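The primary structure of each chain is shown beneath.
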Amino acid sequence: DGENYLMGYNALLRDGIFSPESILNYWPAGYPLLILFLSLLGQSWVLTTLSIAQSLIFSYAVYFFAKQLSNTRLKKFAYLTLLLILFNPTLSLSSIAVGYESLTASGLLLCIGLVIRSFVEKDSKKFVRYLMISSAIFGLLSFVQPRLLLTGILINLLWIFVWKGFKAGALMIAISLAITLFFPATLVYRNNKAIGINSISTNLGVTMNIGAGDNATGGYMKKDYGVECDLSGTSAQQDNQRVRCVLNWYLSNPVKAVELFYNKSIYFWSPWYGPAANGTMARNPWLKISPIKNITSTQDGVNLVYGSFGKLISWIWLLTGLALLLYGYLTLWRQNSLERFIANMAMIAISTNWLISLISIGDHRFRIPIMGLSLFLQAIGLKTLLRGGKPAMVDGPALR
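Rules used throughout
Residues numbered from 1 in each chain as written. Predicted model: local features only at pLDDT ≥ 70, side-chain atom pairs only at ≥ 80, totals over all residues. Heavy atoms only, no water. Helix = DSSP H or I, 4+ residues; strand = E, 2+ residues; numbered from the N terminus. Rg over C-alpha atoms; globule rule 2.2 N^0.38 Å. Buried < 20%, exposed > 50% of the residue type's maximum accessible area, 1.4 Å probe, protein only. Contact = heavy atoms within 4.5 Å. Lys, Arg positive; Asp, Glu negative; His and termini not counted. Charge placed at Lys NZ, Arg CZ, Asp CG, Glu CD. Polar contact = N/O pair within 3.5 Å; in protein donor to acceptor, adjacent residues only side chain to side chain. Axes fitted to C-alpha atoms, helices over the stretch in contact; angles between N-to-C directions. Parallel < 35°, antiparallel > 145°, perpendicular 65-115°, else oblique. Left-handed = near helix turned anticlockwise from the far one by under 90°. Nonpolar A, V, L, I, M, F, W, Y, C, P; charged D, E, K, R; others polar. Core = buried A, V, L, I, M, F, W, Y, C linked by side-chain atoms within 4.5 Å. Phe/Tyr/Trp six-rings, centres within 6.5 Å; stacked < 30°, edge-to-face > 60°. Salt bridge = Lys/Arg side-chain N within 4 Å of Asp/Glu carboxyl O. Disulfide = S-S within 2.5 Å.

(A) Seen up close, the overall build of the protein chain. Along its length, the protein chain carries 19 helices and zero strands. Over its C-alpha atoms the protein chain spans a radius of gyration of 22 Å, differing by no more than 12% from the 21 Å that the globule rule assigns to 400 residues. Summarising its shape, the C-alpha atoms of the protein chain cover approximately 60 × 60 × 50 Å along the three principal directions. Per-residue burial for the protein chain yields a buried fraction of 53% across its 400 residues. By sequence separation, contacts in the protein chain at least 24 residues apart represent 75% of the contacts at least 6 residues apart. A distance of 13 Å separates the average location of the 33 positive side-chain charges in the protein chain from that of its 17 negative side-chain charges.

Here it is as structure tokens:
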């Protein structure tokens, strides 16, 4: 996607923020607009500025999240969580690549960290402040990747419900939604001024159609995919028609739908490289230096990685990661306090992104935004498992 974002950025430089370039309404224009903003510091080194900014934000987000954990009963898990997230090569190195993944992973860590801090401090005035900040962060995340809008709304709604209840928190809900929706709404306004359509982007229906149909595999395909749809009207209207068409196809073909959902789940959680890998991670810097990929520089290496042994290792990696994640979640669920709430917040982010992948396409790159939180749950599971099933809890604040 890096080339598409840079094409959008160049169009913005050439035509201004209301550029009619098709790439800016097909893909969300938020990330190119972010690059345009950073170019104010110097166009000739804007990509260096982007990498530095993303790396600094990511490093702070990981520190902030781990710091908040250290103030709860999960203190003994905080350092392991910090190490697993900060030194995960795929996630860390994504911060120097052109793409929304690093920023969204950082934003989710910051927002969950703010949730934790509010329950540690138990200050109603600070809760309102943290909620506004979280709403703005989720708005910015939706600005660069609209599919995170659902995640942000659900997390903030649950947060408000626990603090205030829905009736008492009605005003907070309205304010939070207004702040969050403001940022993606600016993209709708931009597209309306540019080409007269009221849409954030027009690629959702196309993406969903790639992952549907009798010939679909569940992953990215360049041809022979999709469902026949009757299209008319503007590009935004056609996008909505494709969405409805694909959803109707799933309802009419439940057996094939379940098969595709299974494939997409495997692809979503698949390794970054090897026989079980499936996705668009080729531009991630880690794959340039990954020892597993370097092994395949010879035919013997290819036979090893893509043979029976390599397939076994790939499936062990996939299933072990999922098992640790679920074990970590169940470990926190059994605590029945703030730790259960933190686990639920993390699982909301993970499951909503997984769900969106099910109705679009399976791609392990789509997992990067929730990797910080999945690694957190895996850290809980790993350390608890190594302690014989006894979670390393200390005294700390309760939920309320």
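(B) Structural detail: the side chain of Asn-25. Considering the arrangement of structural elements, one finds Asn-25 in helix α2 (residues 23-26). Within the local environment of Asn-25, its side chain forms a polar contact with the backbone oxygen of Glu-21, the two atoms lying 3.5 Å apart. Not counting the four nearest positions on each side in its chain, Asn-25 is found in contact with Pro-20, Arg-190, Asn-191, Ile-195, Ile-197, Ile-200, Ser-201 and Thr-202.

(C) Broad picture of the packing of helix α7 (residues 101-121) against helix α8 (residues 124-144). As a packed pair, α7 and α8 sit with axes 10 Å apart at the nearest point and diverge in direction by 170 degrees. Regarding the angle of α7 to α8, the classification is roughly antiparallel. Where α7 crosses over α8, the handedness of that crossing is left-handed. Seen from α7, the contacting residues are Leu-103, Thr-104, Gly-107, Leu-108, Leu-110, Cys-111, Leu-114, Arg-117, Ser-118 and Glu-121; seen from α8, they are Lys-126, Tyr-130, Ile-133, Ser-134, Ile-137, Phe-138, Leu-141 and Val-144. Residues of the contact of α7 with α8, tallied by class, amount to eleven nonpolar, four polar and three charged.

(D) The nonpolar core, seen in detail. Grouped together as the largest cluster of nonpolar side chains are 92 residues, with contacts concentrated most on Phe-65, Leu-74, Trp-159, Phe-376 and Leu-377. Residues in contact with Phe-376, not counting those within four places in the same chain, are Phe-65, Leu-69, Leu-74, Thr-81, Leu-332, Ile-342 and Ala-346. Within the second largest apolar cluster, twelve residues are counted, among which are Met-208, Cys-245, Trp-249 and Ala-257.

(E) View of the packing of aromatic side chains. Applying the stated rule across the entire model yields 18 aromatic pairs. When the ring of Phe-119 is compared with that of Phe-341, the centres are 5.1 Å apart and the planes differ by 70 degrees; the resulting orientation is edge-to-face. In this pair, Phe-119 sits in helix α7 while Phe-341 sits in helix α18 (residues 338-359), placing the two residues 222 residues apart along the sequence. With respect to burial, Phe-119 and Phe-341 carry one shared label: buried.

(F) A look at the environment of Asn-240. Looking at the element boundaries, Asn-240 is found in helix α12 (residues 235-252). Separated by 37 residues in the primary sequence, Asn-240 and Asn-203 have C-alpha atoms spaced 9.8 Å apart.

(G) Geometry of the pattern of salt bridges. Within this structure, the stated rule accounts for seven salt bridges. Close ionic contact of Glu-259 with Lys-256 constitutes a salt bridge, the shortest N to O distance being 3.9 Å. Residue Glu-259 and its partner Lys-256 are located together in helix α13 (residues 254-268), separated by three residues, close to a single helical turn. Taken together, the salt bridges that share partners define one network made up of Arg-14, Asp-15 and Glu-21.

(H) Structural detail: unusual backbone geometry. In this model, Lys-122 sits at a positive phi of 50 degrees, which is unusual for a non-glycine residue. Within the secondary structure, Lys-122 is located in the loop between α7 and α8. Residue class for Lys-122 comes out partly exposed when judged on its relative accessible area of 39%.

(I) Up close: the state of the cysteines. Enumeration over the complete set of coordinates arrives at one disulfide. Covalent S-S linkage joins Cys-229 and Cys-245, the inter-sulfur distance amounting to 2.3 Å. Between Cys-229 and Cys-245 the disulfide shows an S-S torsion of about -100 degrees. By sign, it is left-handed. Of the two residues, Cys-229 is situated in the loop between α11 (204-210) and α12 and Cys-245 in helix α12; the sequence distance between them amounts to 16 residues. For the pair shown, Cys-229 and Cys-245 are each scored as buried.

(J) Quick look at the packing of helix α4 (residues 46-69) against helix α5 (residues 75-86). Following both chains from N to C, one finds α4 and α5 inclined at 165 degrees, their axes separated by 8 Å at the closest point. As far as their axial angle goes, α5 and α4 are roughly antiparallel. In this structure, the crossing between α4 and α5 has a hand that is right-handed. Contacts between α4 and α5 involve Phe-58, Ser-59, Val-62, Tyr-63, Phe-65, Ala-66 and Leu-69 from the former and Lys-75, Ala-78, Thr-81, Leu-82, Ile-85 and Leu-86 from the latter. The residue inventory of the contact of α4 with α5, partitioned by class, reads ten nonpolar, two polar and one charged.

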